[in-house]
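A structural walkthrough
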Amino acid sequence: MNISIKNIREADCPCDALILPVTEGDSGINSKLGASVQHLIKKAFTKEFKGKHNEILLIPSPGDIKPERILLVGLGKKGDISAEKIRQAGGKAAAYLRDMGMKKLALSTRDIASLKLSSVNFIEGALLGIYTFKKYKGEKNNKALDNITILSKTSRELENKLKWAETVASSVFFARDLINTPSNDMTPTNLARAALSLNKKNLFVKVLEKKDAEKLGMRAYLSVAKGSNEPPKFIVLEYKGAEAKPLVLIGKSITFDSGGISLKPADGMEKMKYDMAGGAAILGIIKAASEMKLPVHLIGLLPATENLPGGAATKPGDIVRAITGKTVEIINTDAEGRLILADAIGYAKRFKPVAIIDIATLTGACSIALGNEAIAMMGNDKKLIDRIKKSSENTYERVWEMPLYDEYKEYLKSDVADIKNTGGKNGSLVTAAYFLYEFAEKTPWVHLDIAGTAWVDKDKPYIPKGASGIGVRLIMDLLKDFRP
Ligand code: BES
Ligand code: MN
Ligand code: ZN
């Protein structure tokens, strides 16, 4: 999609639809469009439209202006309008106009500017909201927006913000595509291919094969791969935008989680293709960071494998040794995420990182606790936690901190090994994180459980149902001014 900024009057912009974001109950702001349009808007405001948040109304325009239609979009009550409300309105409006077959849009920025908010949030929502995943659909539809003109004076700041929004949104799409792709096509090998496709001058990608992982002693990770015929791929990316100790980003990359021998129930199992959403988010982040040439040093680690119950699969009661030397008793083969992350965290320490952040669809308990609305966050570094909370406010990819009490250590005590991989039903969101903590130890580390947020079952204003691509916008915001 082509987005441009033009400093012309709304009435002079030829387009399929002119979008007018409006405040609830306020029919008067856009008087610049002329008396006939003003009359139409006033009439609409008395009956079918109030300007409530996300409310939309398409009206044909009178012949005396260039836009063929006008789309009123409600922003809600003046005092309640926020960046997020604008983002949502953008998503709603764009998806609606796309579905109506419109191609060329213009955005009036007058009202948003008068609220001292940024129209870029509207564009951001619009970009994110028009995502579709149609790769496997026979019927072809050519409903796609191809042009949005932002009607505003241009400035360096506006251009920079717009470039950021476009780059990040395209990385969110990249992540969503990988996650939505079914596991027969999104195997560890194909995920590695997708990562390798990012290889370029300032972004180096390599793939550790099974034998490399064996040499490194990644027996926890490899124990998960044993039940599958698909070869595991441990993907390593490095983006060096600064001479500094790296921030290591780890993404859970189970391309399909059947539970293994501790098999999951059939109901809903098809969704377990999204168990690599953490890995996809990391690829999106590193792609966007390199395109924006951010002055940061990042290492991305994606331990990729399937979790299947094949004849060679790991069985409950088996004991494996992780890269750090710790032995793990595997109580439940469905608690596989922490096994692959343990080896990734152990491997990450070799890079002497300033910090480690892992993103993972780790526990069902995460969605039970927080629903689709928040990422569960746990970690050992207050400063990093606080920074992520700030980014969560900026992006509305909300995080909620959960505790890592010392007492949880007890839950993971094994009679026969150094640690066991499940701590029972109670507190399973936090004991999963505590397991990772036992591998991160003193290294500053934050864990983000995205099990509840990586997939949405019904459309949200700028997240069509399916993969959300969560994590990309959050961590990109963190990296914006990340100078360790
Ligand atoms: N990938 C799942 C967690 C999950 C569940 C993500 C639902 C998204 C939606 C994870 O590997 C898992 O199976 N966790 C188990 C752990 C349990 C066996 C201790 C869980 O949460 O049930
Ligand atoms: Mn599992
Ligand atoms: Zn899993």
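Not measured: the values here are computed from a predicted model. (Residues numbered from 1 in each chain as written. Chains lettered and ligands numbered in written order. Predicted model: local features only at pLDDT ≥ 70, side-chain atom pairs only at ≥ 80, totals over all residues. Heavy atoms only, no water.)

Regarding the coordination of the zinc ion (ligand 3)
- Every protein donor of the zinc ion (ligand 3) is listed here as Lys252 (NZ), Asp257 (OD), Asp275 (OD) and Glu336 (OE), and their distances to the metal cover 2.0 to 2.4 Å.
- Between consecutive donor residues of the zinc ion (ligand 3), the sequence gaps follow K-x4-D-x17-D-x60-E.
- Given a relative accessible area of 2%, lysine 252 falls into the buried group.
- Residue glutamate 336 is classed as buried on the basis of its relative accessible area of 1%. (Donors = N, O, S within 2.8 Å, 3.2 Å for Na, K, Ca; no water. Buried < 20%, exposed > 50% of the residue type's maximum accessible area, 1.4 Å probe, protein only.)

Structural notes on the sheet that holds strand β13 (residues 327–329)
- The three strands are arranged β12-β13-β17 in an open sheet whose pairing can be described as mixed. The strands lining the two open edges of the sheet, one partner per strand, are β12 (319–321) and β17 (419–420).
- As judged from the three bridges shared by β12 and β13, these two strands associate in the antiparallel manner. Bridging across to β13, valine 320 finds its partner in valine 328. (Pairing = 2+ DSSP bridges. Helix = DSSP H or I, 4+ residues; strand = E, 2+ residues; numbered from the N terminus.)

Digging into the packing of aromatic side chains
- With the rule as written, the count across this model stands at 12 aromatic pairs.
- Seen in terms of ring centroids, phenylalanine 435 and phenylalanine 439 are 5.2 Å apart; in terms of plane orientation they differ by 40 degrees. Their pairing is tilted. In this pair, phenylalanine 435 and phenylalanine 439 are both assigned in helix α14 (residues 428–440), four residues apart and thus about one turn of the helix distant.
- Here phenylalanine 435 falls in the buried class, since its relative accessible area comes to 0%.
- Through a chain of ring-to-ring contacts, three or more aromatic side chains come together here, namely Tyr221, Phe234, Tyr347 and Phe351.
- Across from the ring centre of phenylalanine 439, 5.5 Å away, lies the NZ or CZ of lysine 326, which sits over that ring.
- One Lys or Arg, lysine 480, reaches over the ring of tryptophan 164 and ends 5.0 Å from the middle of that ring. (Phe/Tyr/Trp six-rings, centres within 6.5 Å; stacked < 30°, edge-to-face > 60°. Lys NZ or Arg CZ within 6 Å of the ring centre and 35° of its normal.)

Some points on the domain arrangement of the protein
- Domain annotation of the protein identifies domain 1 (2–151) and domain 2 (170–480).
- A C-alpha centroid distance of 38 Å is found between domain 1 and domain 2.
- In this complex, domain 1 contributes 15 residues to the contact, which on the side of domain 2 involves 15 residues.
- Contact with domain 2 buries surface across domain 1, with Leu128, Tyr131 and Tyr136 losing the most and accounting together for 46% of the total.
- Across the contact surface, domain 1 and domain 2 share one salt bridge.
- Note that glutamate 124 and arginine 473 form a salt bridge whose closest N and O atoms lie 2.9 Å from each other.
- Scanning the region where domain 1 abuts domain 2 turns up nine residue pairs in polar contact (both at pLDDT 80 or more).
- Within the residue set of the side of domain 1 that touches domain 2, elements represented by two or more residues are α2 (83–99) and α4 (119–129).
- Here the residues of the side of domain 1 that touches domain 2 sort into five nonpolar, five polar and five charged. (Domains from an automatic or database assignment. Contact = heavy atoms within 4.5 Å. Buried area = accessible area lost by both parts, 1.4 Å probe. Salt bridge = Lys/Arg side-chain N within 4 Å of Asp/Glu carboxyl O. Polar contact = N/O pair within 3.5 Å; in protein donor to acceptor, adjacent residues only side chain to side chain. Nonpolar A, V, L, I, M, F, W, Y, C, P; charged D, E, K, R; others polar.)

Considerations on the sheet that holds strand β6 (residues 147–151)
- Spatial ordering of the open sheet is given by β1-β6-β5-β2-β4-β3, a layout of six strands whose pairing is mixed. The open sheet terminates on both sides in strands that have one partner only, identified here as β1 (2–6) and β3 (56–60). Averaged over all pairs of adjacent strands, the angle between strand axes in this sheet comes to 20 degrees, irrespective of strand direction.
- In this sheet, β6 lies alongside β1 in parallel orientation, the contact comprising five bridges. (Axes fitted to C-alpha atoms, helices over the stretch in contact; angles between N-to-C directions.)

Notes on the coordination of the manganese ion (ligand 2)
- All of the protein donors around the manganese ion (ligand 2) are Asp257 (OD), Asp334 (O), Asp334 (OD) and Glu336 (OE); their distances to the metal are 2.0 to 2.2 Å.
- In this structure, the manganese ion (ligand 2) is positioned 3.1 Å from the zinc ion (ligand 3), and both are ligated by aspartate 257. Taken together, the positions of aspartate 257 in strand β10 (residues 253–257) and glutamate 336 in the loop between β13 and α10 (337–348) put the pair 79 residues apart, joining distant regions of the chain.

Points about the site of ligand 1
- Contacts to ligand 1 come from 16 residues, most closely from Lys264, Asp275, Asp334, Glu336 and Gly364.
- The contact in question runs from an oxygen atom of ligand 1 to an N or O atom on the side chain of lysine 264, over 2.8 Å.
- Residue aspartate 275 places a side-chain N or O atom 2.9 Å away from a nitrogen atom belonging to ligand 1.
- Considering ligand 1 on its own, with 520 Å² of exposed area, one finds that the protein chains cover 80% of that surface.
- Looking at side-chain class alone, the shell around ligand 1 contains four nonpolar, five polar and seven charged residues. (Near = heavy atom within 4 Å. Areas by Shrake-Rupley, 256 points an atom, 1.4 Å probe, with all protein chains shown as cover.)

Observations regarding the pattern of salt bridges
- By the definition in use, this model includes 29 salt bridges.
- Between aspartate 477 and lysine 480 there is a salt bridge whose closest N-O contact spans 3.9 Å. Of this pair, aspartate 477 and lysine 480 both sit in helix α15 (residues 472–480), three residues apart, which is roughly one turn of that helix.
- Here aspartate 477 falls in the buried class, since its relative accessible area comes to 12%.
- Take lysine 480: its relative accessible area is 42%, and that puts it in the partly exposed class.
- One connected set of salt bridges, linked through shared partners, spans Glu84, Arg87, Glu124, Glu397 and Arg473.

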